[in-house]
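Each chain, written out:
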Amino acid sequence: MRSILPLLSAYLVASVAAKKGSSDCYDLDSIDRSLRDSHCEQPLFVTFAPKTEEYTLIDNICITYFPLPDNPDTFQIYYSRVYCDGSNDITSLIGTQLEIGVSRIADPYCTLTETTFGYAGCDTYLVYRCVNYGACVGEESKTNVFGISPLCRSIGLSCLHKVEEIVSENGLPEQEFYVFPMKLPNRCVNQQLCLQPPNPFFNTLHPGVTLV
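Residues numbered from 1 in each chain as written. Predicted model: local features only at pLDDT ≥ 70, side-chain atom pairs only at ≥ 80, totals over all residues. Heavy atoms only, no water.

1. Looking at the overall build of the chain
Helix and strand counts for the chain come out as three helices and 10 strands. Element order for the chain, N to C, with α for helix and β for strand: α-α-β-β-β-β-β-β-β-β-α-β-β. Sorting the 212 residues of the chain into buried and exposed places 50% on the buried side. Sequence separation of at least 24 residues holds for 61% of the intrachain contacts in the chain that already meet a minimum separation of 6. With the model as given, the accessible surface of the chain reaches about 10,200 Å², and the carbon-plus-sulfur share is 54%. (Helix = DSSP H or I, 4+ residues; strand = E, 2+ residues; numbered from the N terminus. Buried < 20%, exposed > 50% of the residue type's maximum accessible area, 1.4 Å probe, protein only. Contact = heavy atoms within 4.5 Å. Areas by Shrake-Rupley, 256 points an atom, 1.4 Å probe, with all protein chains shown as cover.)

2. Brief notes about the packing of aromatic side chains
Counted under the stated rule, the structure contains seven aromatic pairs. Aromatic pair Phe 48 and Phe 177: ring centres 4.9 Å apart, planes at 70°, arrangement edge-to-face. Here Phe 177 lies in strand E9 (residues 177-179) and Phe 48 lies in strand E1 (residues 44-50), a separation of 129 residues in the sequence. On the accessibility criterion, Phe 177 (9% relative accessible area) is buried. Between Tyr 178 and Phe 180 the ring centres are 5.2 Å apart and the planes differ by 80°, which places this aromatic pair in the edge-to-face class. On the basis of relative accessible area, Tyr 178 is assigned to the buried category, the value being 13%. Stacked on the ring of Tyr 125, the Lys or Arg Arg 33 has its end atom at 4.2 Å from the ring centre. (Phe/Tyr/Trp six-rings, centres within 6.5 Å; stacked < 30°, edge-to-face > 60°. Lys NZ or Arg CZ within 6 Å of the ring centre and 35° of its normal.)

3. Let's talk about the nonpolar core
Buried together is how nonpolar side chains tend to be arranged in soluble globular proteins. Ranked by size, the top nonpolar core spans 27 residues in total, and within it Tyr 55, Ile 61, Ile 63, Tyr 65, Ile 77 and Phe 180 carry the most contacts. Those elements giving two or more residues to this core turn out to be E1, strand E2 (58-68), strand E3 (71-83), strand E6 (110-119) and strand E8 (144-149). Here this core takes five residues from E2, the largest share from any one element. Discounting residues that sit within four places of it in the chain, Phe 180 has contacts with Val 46, Thr 47, Phe 48, Ala 49, Tyr 55, Ile 58, Asp 59, Ile 61 and Ser 154. Counting 17 residues, the second largest nonpolar core, distinct from the first, contains Cys 130, Ile 155, Val 167 and Leu 172. (Core = buried A, V, L, I, M, F, W, Y, C linked by side-chain atoms within 4.5 Å.)

4. Things to note about unusual backbone geometry
Cis geometry is adopted by the peptide bond preceding Pro 43, which originates at Gln 42 and carries an omega value of 0°. At Asp 123, a position not held by glycine, the phi torsion is positive, near 60°. Structurally, Asp 123 can be placed in the loop between E6 and strand E7 (125-134).

5. Looking at the pattern of salt bridges
Taken as a whole and assessed by the stated rule, the structure comprises eight salt bridges. The salt bridge involving Arg 81 is made with Asp 89; its shortest N-O contact spans 3.0 Å. As far as burial versus exposure is concerned, Arg 81 and Asp 89 are alike and both buried. Measuring nitrogen to oxygen at the nearest pair gives 4.0 Å for the salt bridge that ties Asp 123 to Arg 153. Of this pair, Asp 123 sits in the loop between E6 and E7 while Arg 153 sits in the loop between E8 and helix H3 (157-169), and the two are 30 residues apart along the sequence. (Salt bridge = Lys/Arg side-chain N within 4 Å of Asp/Glu carboxyl O.)

6. A look at the environment of Leu 35
Locating Leu 35 in the fold gives a position in helix H2 (residues 35-41). Taking the C-alpha atoms as reference points, Leu 35 and Thr 74, 39 residues apart in sequence, are found 8.4 Å from one another. Look past the residues within four positions of Leu 35 in its chain and what remains in contact with it is Tyr 65, Phe 75, Ile 77, Gly 95, Thr 96, Gln 97 and Ser 103.

Have a look at this one:
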């Protein structure tokens, strides 16, 4: 794990000077929000995402952020997913800020750009995620828009309508969203994990891991 983190961190720092998205990404105007804001407000929860077969199996997704010791502007980010059957898995990525509202997220297999482009007024920020490189699991859609919130509760219909309005105003194609029910207890990671090979960035939760 330690040998991979410096390589990813170096790549992310180098990419700051690069174009913020590929030619296949939508060029959206970002709002004033940073990874530091997310770190300060954590844990965050994904309130909605594109309606796919995979997402409809999930009850809640918790996101937590840990600054790297040698670079406080770069974060190790954990996505802890609780499925409707009660099972749980964790994905880990590295993220750094390109500019306000725009961040570069990566693991050993793919690189993404995330743009925070709206606020729905129901404690939910809208994030557009675009694949820059590699094969990213769950990123088949060119218009992957999802919501994040510091509140672990499902959003209502009026909030979802506001989300759809913001998406339309930004010129993104109309799409169907899945609202996460958040009925089961979340399994937020509140301390950094030492995940073992073969894949150090994706693993199931082991007994004894401290969770929120």
